[in-house]
Amino acid sequence: MSSFPAAVVLVSGGLDSATTLALAKREGYRLYALSFQYGQRHAVELAAARDVCRLLEVADHAVVTIDLRFVGGSALTSDLPVPKGRSLEEMARAIPVTYVPARNTIFLSYALAWAEVLGAEDIFLGVNALDYSGYPDCRPEYITAFERMARLATRAGVEGSALRIHTPLINLSKREIIATGLGLGLDYGVTRSCYDPAPDGSACGQCDACQLRLRGFHENGIEDPAPYQKGSGVQKSGTGARFRASEP
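The structure presented is a predicted model; accordingly, all values stated were derived computationally and were not measured. (Residues numbered from 1 in each chain as written. Predicted model: local features only at pLDDT ≥ 70, side-chain atom pairs only at ≥ 80, totals over all residues. Heavy atoms only, no water.)

Caption draft 1: Seen up close, the overall build of the protein. A count of helical and extended segments in the protein gives eight helices and seven strands. The C-alpha atoms of the protein give a radius of gyration of 18 Å, which matches the 18 Å a tight globule of 248 residues would have. The C-alpha extent of the protein, read off along each of the three principal axes, is 55 × 35 × 30 Å. In the protein, buried positions account for 52% of the 248 residues. Within the protein, residue pairs in contact and separated by at least 24 positions form 71% of the contacts whose partners lie at least 6 positions apart. Summed over all atoms, the accessible surface of the protein reaches about 11400 Å², with 52% contributed by carbon and sulfur. (Helix = DSSP H or I, 4+ residues; strand = E, 2+ residues; numbered from the N terminus. Rg over C-alpha atoms; globule rule 2.2 N^0.38 Å. Buried < 20%, exposed > 50% of the residue type's maximum accessible area, 1.4 Å probe, protein only. Contact = heavy atoms within 4.5 Å. Areas by Shrake-Rupley, 256 points an atom, 1.4 Å probe, with all protein chains shown as cover.)

Quick look at the structure:
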């Protein structure tokens, strides 16, 4: 049996979760990645999650199917339009329609159950409180509350296991997150962050997730290696990488 401690890492296929997975690997954990097919409007991110997990050589990668479409209320699980072309001020004004009700609570519950069976005391989650999204389940106080609940609600917790939920990106800007991943040698070309990608996986370049991602690469002085749709306002360079012509 491996001497490395096990950790469950939530992996969506996006930039943040890939960086979190790479950080957990650097810390010496045996990685158990967990992704979800939850009724989201595209499968691009799951393909990216598989690529990320393969590159980082996780011990196991589970993809759980649940259906949050019956809940609705989100542009990611219904036909509601995805907001595009918004300024940072508009993004920060209110919780956006891309918020999926209780999503992180549901995902963390699955991660908690798997961690208990694995004998893992560590869960990694790539939430970020500086992303302008205003998602209530990305705040430090939410993570603290869930961790406290987990210790009360599980046999492992009752018997003295001190579950920890790690959120290494929670106070980092997108620029800092990207710089961290680059320092770890992470290939961001396999990650996908777009809320409304084309069927071929190319990003729209205009949704909140795309704009924040593009700004982060711009502030690092490099191009985003992910593919973008033609007509998105994101130009193609001679190396095949794509970048936004002007700062979002």
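Caption draft 2: View of helix α4 (residues 103-118). Taking 1.5 Å as the rise per residue, α4 with 16 residues should run 22 Å; its terminal C-alpha atoms sit 23 Å apart, in good agreement. Within the span of α4, buried status applies to R103, N104, F107, L108, A111, L112, W114 and A115. If you follow the buried residues of α4, they end up packed against β1 (6-10), β2 (30-37), β3 (60-65), β4 (122-124), α5 (140-153) and β5 (164-166). Where α4 terminates, the next one or two residues include G119, which has phi positive at roughly 75°. (Expected span 1.5 Å × (residues − 1).)

Caption draft 3: Representation of helix α1 (residues 15-26) within the structure. Across its 12 residues, α1 extends 17 Å between first and last C-alpha, which sits within 8% of the 16 Å expected from 1.5 Å per residue. For α1, the buried fraction is high: 10 of the 12 residues fall into the buried class. Every buried residue of α1 is listed here: L15, D16, S17, A18, T19, T20, L21, A22, L23 and A24. Of the surrounding elements, those touching the buried residues of α1 are β1, β2, α2 (44-55), β4, α7 (174-183) and α8 (208-219). Looking one or two places after α1, you find G28, whose phi comes out positive at around 90°.

Caption draft 4: Broad picture of the side chain of R30. Its place among the elements puts R30 in strand β2. Of the side chains bearing the opposite charge, D60 lies closest to the buried R30, which forms no salt bridge; the N-O distance is 9.9 Å. At 3.2 Å, the side chain of R30 forms a polar contact with the side chain of Y32. (Lys, Arg positive; Asp, Glu negative; His and termini not counted. Salt bridge = Lys/Arg side-chain N within 4 Å of Asp/Glu carboxyl O. Polar contact = N/O pair within 3.5 Å; in protein donor to acceptor, adjacent residues only side chain to side chain.)

Caption draft 5: Structural view of the side chain of R213. Among the secondary structure elements, R213 is positioned in helix α8. Judged by its relative accessible area of 2%, R213 is buried. Among the polar contacts made by the side chain of R213, one reaches the side chain of D224 at a distance of 2.7 Å. Apart from residues lying up to four places away in sequence, R213 is in contact with L15, K174, I178, Y188, T191, R192, S193, D224, A226 and Y228.

Caption draft 6: How the structure looks around the sheet that holds β1. With respect to topology, five strands assemble into an open sheet ordered β3-β2-β1-β4-β5, the strand pairing being parallel. Each end of this open sheet is capped by a strand with a single partner; those strands are β3 and β5. Here the average twist between neighbouring strands, direction ignored, is 25°. In terms of strand pairing, β2 meets β3 through six bridges, oriented parallel. The partner of S35 across the bridge, within β3, is V63. (Pairing = 2+ DSSP bridges. Axes fitted to C-alpha atoms, helices over the stretch in contact; angles between N-to-C directions.)

Caption draft 7: How the structure looks around the packing of aromatic side chains. Under the criterion given, the structure shown has eight aromatic pairs. Arranged with centres 5.2 Å apart and planes meeting at 70°, the rings of Y29 and F124 form a pair that is edge-to-face. On the criterion of sequence distance, the pair formed by Y29 in the loop between α1 and β2 and F124 in strand β4 is long-range, its members being 95 residues apart. The two residues Y29 and F124 agree in class, both being buried. Consider the rings of Y99 and Y135, whose centres lie 6.1 Å apart with planes at 45°: the pair is tilted. Of this pair, Y99 sits in the loop between α3 (88-93) and α4 while Y135 sits in the loop between β4 and α5, and the two are 36 residues apart along the sequence. Judged by relative accessible area, which is 22%, Y99 ranks as partly exposed. Among the residues examined, Y135 registers a relative accessible area of 10% and is labelled buried. Taken together through their ring pairs, the aromatic side chains of F36, Y38, F107 and Y110 make up a single cluster. (Phe/Tyr/Trp six-rings, centres within 6.5 Å; stacked < 30°, edge-to-face > 60°.)

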